[in-house]
Amino acid sequence: MSHDCPHEPSIAPASHQRNSEDDVNTLVRSPDRRRALKTLMQGATTVLSGMALEGLLMPAQAQGMGMMGGMMGGMMGQSAAAPIQPGVFSRNMPIPPQLTGTTDSAGVLVYELKASAGQHAELVAGLRTPTWGYNGAVLGPTLRAPQGKPLRFEILNGLDQSTTVHWHGAHIPGAVDGGPHNLIAPGKQATVSFTLNQPAASLWYHPHPDGRTGPQVFAGLAGFLWIDDGMDARIGMPHTYGVDDLPIVIQDRRIGEAGVLSYMSTMMDMMGMKGDHFLVNGVEQPFVDVPGQWVRLRILNGSNARIYNLAFADNRPFHVVASDAGLLERPVEVTHLVLATGERAEIMVDLNHMQGKRLVLRSNSSGVIPELNRMPMATDAYDHSQFDLLELRVGSPAGKAGRLPEQMASISPLKADAPARRFVLQGMEMRMMRGMMMGGNAAAPTGVSSGPGGMSLGVGGRDMFAINGTYMNMKVINERVKLGSTEIWTVANDGMMGHPFHVHGTSFQIFSRDGAPPPAHESGWKDVVLVRSGETVHLIARFDQPAGDDHPYMYHCHILEHEDNGMMGQFTVI
């Protein structure tokens, strides 16, 4: 893709601060130091265990001590993950219901959403799990919104704690964006109105309270928001919901023997919450019946922290037709697709002449995901393996078959007209890790103690992961952008982990990765970009929606445990 942009901005070297990721990586590489570290950690665990038994640790400190053992396993290359088995695929994949809204007397489409504790959902076959969901037990309906039509959402918070509903990827004012400043108190209702004047796209919605996004999403609160402009039908793409146009939400969850979701039960979970059960639309390894024709899968990585390398088990090619915020100009043929947390992709797969056969979608993580990081602690056994997610069972063709178009959207390169900005993503400092281990200063909202079924809310509200050397502060505006301007944002990852970087209120184009053009499937509109360890990415975006000091936009890492613990900033657009 050509870019009608000014030359790449010069980048002054950032001051290097040694962080705990560097310290740990150095220790882990040396066998002698590994043994010494293991002895030290075992000794520390023994001492802290004794202190906890004697009542010398506060509850938060004891929790930190319990987390220590989990960190030990990760640092020593040990994993509690169960052996990875091929998919069983004995249950139907749920298709979320669609909400298309009801038209009021003023011609506004009205949608009703209720966040509440669901009935026990059978995420894993034979095991009932307490969850939270929108209008149901887990996850939420697919909201269909016509481009350019006034919308109104009536949102009821049926939880026992404050929440928000963030419209991820929507070009709407900060006052209705659903960020941390848009809290809805328990038992209260909020009315949110906006119009989506942007290309058709597979957006999504989820909670975004400061310090508690991770546990609320982990509990089950998420859903699709699809913008429709009719282009897919006009160019002959598959577009029959639930038949040849399927919503696919991929998430991993950790579930205890009693069926309760287990959130941040080890210290390693601070690096990002990962599970050992892989759910698609809220069910572990389901199957779905599909027609023997071109099929469109709209895939959301709705996990808290895990990155997937999506591929079919027979390594067949498929086509990426859309990225986060809209259709590409042309389909891009691939055999695998890396999808970070918060990212979406629409893919099309040719199932003609496949009637009666089965096709498995999996994550071929080994050899790809570990290379995104420079820290062994950031990966687990599943990141070093492959695992099955979904089985497609191909039947007879259904209705009018869609086709793979040669040409789709028209995307004009943006041209910057304002100074560039630089954002440096930084990892956890050793002093912060020590503080977390000994209790720290968690900022849990008053009266909030647990999630569904007593699920822990984990650790949030701590200054642990930074952007530009600063941590999230609700009272601080970090950047101020001029309304109507187009800017280049340079995002440099100075840490040892890959970080998916998300910007509210707009979509961007990836200008370059380490000075080179992005791959073809990233040439469209995006709102999340995975920045690998040591990598520098240049983004360009136009800011056409207003956001004031009272309701600023966020930019942050979309590993939710990083976002909840400092890796987020605020910006206005005025």
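To keep things clear, this report deals only with the structure shown in the data block. (Residues numbered from 1 in each chain as written. Predicted model: local features only at pLDDT ≥ 70, side-chain atom pairs only at ≥ 80, totals over all residues. Heavy atoms only, no water.)

**Re the side chain of His 319**
Here is step 1: Tracing the sequence through the fold places His 319 in strand S19 (residues 318-323).
Here is step 2: Classification of His 319 as buried rests on a relative accessible area of 14%.
Here is step 3: Engagement of the side chain of His 319 in a polar contact is seen with the side chain of Glu 333, the distance being 3.4 Å.
Here is step 4: Once residues lying within four places of it in the same chain are set aside, the contact partners of His 319 are Trp 294, Pro 331, Val 332, Glu 333, Glu 346, Ile 347, Met 348 and Leu 404. (Helix = DSSP H or I, 4+ residues; strand = E, 2+ residues; numbered from the N terminus. Buried < 20%, exposed > 50% of the residue type's maximum accessible area, 1.4 Å probe, protein only. Polar contact = N/O pair within 3.5 Å; in protein donor to acceptor, adjacent residues only side chain to side chain. Contact = heavy atoms within 4.5 Å.)

**Focus: the sheet that holds strand S13 (residues 245-253)**
Here is step 1: In spatial order, the strands read S15-S14-S13-S17-S22-S19-S20; together these seven strands make up an open sheet with mixed pairing. Of all the strands in the sheet, the pair left with one neighbour each is strand S15 (283-284) and strand S20 (326-334).
Here is step 2: In terms of strand pairing, S13 meets strand S17 (residues 294-301) through six bridges, oriented parallel. Looking at the pairing, Leu 246 lines up with Leu 297 of S17. (Pairing = 2+ DSSP bridges.)

**Here's the deal with empty space enclosed by the protein**
Here is step 1: If you walk through the whole model with that rule in mind, you get three cavities of 30 Å³ or more.
Here is step 2: Empty space within the largest cavity amounts to approximately 50 Å³.
Here is step 3: Surrounding the largest cavity, Glu 487, Trp 489, Val 503, Thr 506, Phe 508, Leu 539, Ile 540, Ala 541 and Phe 543 form its lining.
Here is step 4: Breaking the lining of the largest cavity down by element, the ones donating at least two residues are strand S28 (486-493) and strand S32 (536-542).
Here is step 5: Looking at the lining of the largest cavity residue by residue, the class counts come to seven nonpolar, one polar and one charged. (1 Å grid on protein atoms, 1.4 Å probe; cavity = no way out; pocket = protein on both sides within 12 Å on 5 of 7 lines; lining within 4 Å. Points joined across faces, edges and corners; volume = space filled by probe spheres on them. Nonpolar A, V, L, I, M, F, W, Y, C, P; charged D, E, K, R; others polar.)

**Points about unusual backbone geometry**
Here is step 1: For Leu 139, which is not a glycine, the phi torsion comes out positive at approximately 55°.
Here is step 2: For Leu 139, the location among the structural elements is in the loop between strand S6 (132-134) and strand S7 (142-146).
Here is step 3: Look at Leu 139 and you get buried, because its relative accessible area is 6%.
Here is step 4: In this structure, His 353 takes a positive phi of about 65° despite not being glycine.
Here is step 5: On the secondary structure map, His 353 appears in the loop between strand S22 (344-350) and strand S23 (358-364).

**Points about the nonpolar core**
Here is step 1: Among the nonpolar cores identified, the biggest contains 78 residues, and Phe 153, Trp 167, Phe 194, Leu 196, Trp 489, Phe 501 and Phe 571 are the most heavily contacted of them.
Here is step 2: Among the elements that make up this core, the one with the highest residue count is strand S3 (residues 109-117) (four residues).
Here is step 3: Once you skip the residues sitting within four places of it in the chain, Phe 571 turns out to touch Ile 477, Glu 479, Val 481, Trp 489, Val 503, His 504, Phe 543, Ala 547, Pro 552, Tyr 553, Met 554 and Tyr 555.
Here is step 4: Judged by nonpolar contacts, the second largest core, of 50 residues, contains Ile 235, Ala 322, Met 408 and Leu 414. (Core = buried A, V, L, I, M, F, W, Y, C linked by side-chain atoms within 4.5 Å.)

**Considerations on the sheet that holds strand S1 (residues 98-99)**
Here is step 1: Pairing is mixed across the open sheet formed by five strands, whose spatial order is S1-S7-S12-S11-S9. The open sheet has two edge strands with one neighbour each: S1 and strand S9 (166-168).

**Brief notes about the layout of surface pockets**
Over the atoms rolls a probe the size of a water molecule, and its path tells where empty space is left.
Here is step 1: Here the second largest pocket defines a volume of roughly 410 Å³.
Here is step 2: Around the second largest pocket sit 20 residues that line it, and His 171, Asn 197, Gln 198, Pro 199 and Trp 525 are the ones nearest its centre.
Here is step 3: Residues belonging to the lining of the second largest pocket are distributed by class as follows: eight nonpolar, nine polar and three charged.

What is shown is where atoms sit, not what they do.
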